[in-house]
Amino acid sequence: MNEIKTHNNIEIAPGCLACYTQGRLTFYWYQITKDTTLEQIEQALDVGEIHKRAKTSYACGGDEVHIQDNDFCGGEYMSAKELFGYVQLLKLIPDFDYVRAFKEVYLMQDEFDYPQGNHAVEVSSMFKEYAESVQVFDSIYDLENYLDDNFMEYAEMHNTPEIIFSFINWKDAREWLLNDYEKVDMGSRIFLWRKI
Ligand SMILES: [Zn+2]
């Protein structure tokens, strides 16, 4: 699952659980974009639809669906409402890679709260905090510049004679700063945010 991702969708592989336990793989890949509706996701998770798209005859008689695979570290039993929740997250962030970066670090369903049990999905305060503080860098060079500025600010070095800079171990300084951050490489971009 390490190929380069497009930023504008996430993918799930809805599968038939009965087929799976009978040793048959019945699943297909389905893309969720910012325009996908809850109804479309419900349809995508329909057990009949799964057999149709997977071109497997619906002989198992099963009715349980699981998410056999996905490309954003999601769970096996995500509901349609949860999956639609990811579309809702896009109101807070520019694209799905922000979700991927978050899920590289946090486990399970930390991006959601479930105020009324499993079926009512709300964006968690944790994800809101992440969305507000995450910074994205296009290169290591940009990230290092940011950290160096950060370090100079922390050490109140703005009036320090420049000669002093050459005596600083910038690599150690950056590493020391990064202790307070989560950092995820996502394709050509680096996602950085303060540990929550
Ligand atoms: Zn089946």
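Residues numbered from 1 in each chain as written. Predicted model: local features only at pLDDT ≥ 70, side-chain atom pairs only at ≥ 80, totals over all residues.

### Structural notes on the environment of Q40
Convention followed: Only DSSP runs of H or I covering at least 4 residues are called helices, and only runs of E covering at least 2 are called strands; the numbering of each starts at the N terminus.
Its place among the elements puts Q40 in helix α2 (residues 38–44). The spacing of Q40 and F84 is 44 residues in sequence and 9.4 Å in space, taken between C-alpha atoms.

### Comments concerning helix α4 (residues 80–89)
Applied cut-off: The exposure scheme places C-beta atoms from the backbone and then counts, for each residue, the other C-beta atoms within 10 Å of its own, assigning buried at 20 or more, exposed at 12 or fewer, and partly exposed in between. The arc under discussion is defined with respect to the helix axis, by the directions toward the C-beta atoms.
Regarding α4, the residues found buried are E82, L83, G85, Y86 and L89. All buried residues of α4 fall inside an arc of 140° around its axis, so they share one side.

### Notes on the domain arrangement of the protein
For the record, the criterion: A domain assignment, automatic or from a database, supplies the domain bounds used here. Here, residues touch in the contact sense if the C-beta positions derived from the backbone fall within 7 Å of one another. Think of it as three bins: nonpolar holds Ala, Val, Leu, Ile, Met, Phe, Trp, Tyr, Cys and Pro, charged holds Asp, Glu, Lys and Arg, and polar takes everything else, Gly as well.
You can read the domains of the protein as domain 1 (9–131) and domain 2 (135–194). Placing a centre on the C-alpha atoms of domain 1 and another on those of domain 2 gives a separation of 36 Å. With 6 residues of domain 1 at the interface, the matching set in domain 2 holds 7 residues. Its residues placed into classes, the side of domain 1 that touches domain 2 shows 3 nonpolar, no polar and 3 charged.

### Notes on unusual backbone geometry
Positioned with a positive phi, K55 is a non-glycine residue whose angle comes to about 55°. Unlike most non-glycine residues, E156 shows phi in positive territory, near 50°. The residue E156 is located in the loop between α7 (140–154) and α8 (170–178) in this model. With 8 C-beta atoms packed within 10 Å, E156 lands in the exposed category.

### So, the packing of α7 against α8
Convention followed: Axis geometry follows a simple rule: fit a line to the C-alpha atoms, using only the stretch in contact for helices, then measure angles between N-to-C directions, giving values from 0 to 180 degrees. Note that the term roughly parallel is reserved for angles under 35 degrees, roughly antiparallel for angles over 145, roughly perpendicular for angles of 65 to 115, and oblique for everything else.
At a closest axis distance of 10 Å, the pairing of α7 and α8 adopts a crossing angle of 85°. When the axis of α7 is compared with that of α8, the two are roughly perpendicular. Of the residues in α8, those touching α7 at E144, L147, D148, N150 and F151 are W170, A173, R174 and L177.

### What about the sheet that holds strand β1 (residues 10–16)?
The criterion, for reference: For two strands to be treated as a pair, DSSP must find no fewer than two bridges joining them.
With antiparallel pairing, 3 strands are arranged side by side in an open sheet as β2-β1-β3. Strands with a single pairing partner mark the edges of an open sheet, and in this sheet they are β2 (30–32) and β3 (65–70). Between one strand axis and the next, the sheet turns by 40° as a mean value, whatever way the strands run. Two elements, β1 and β3, share 5 bridges in a ladder whose sense is antiparallel.

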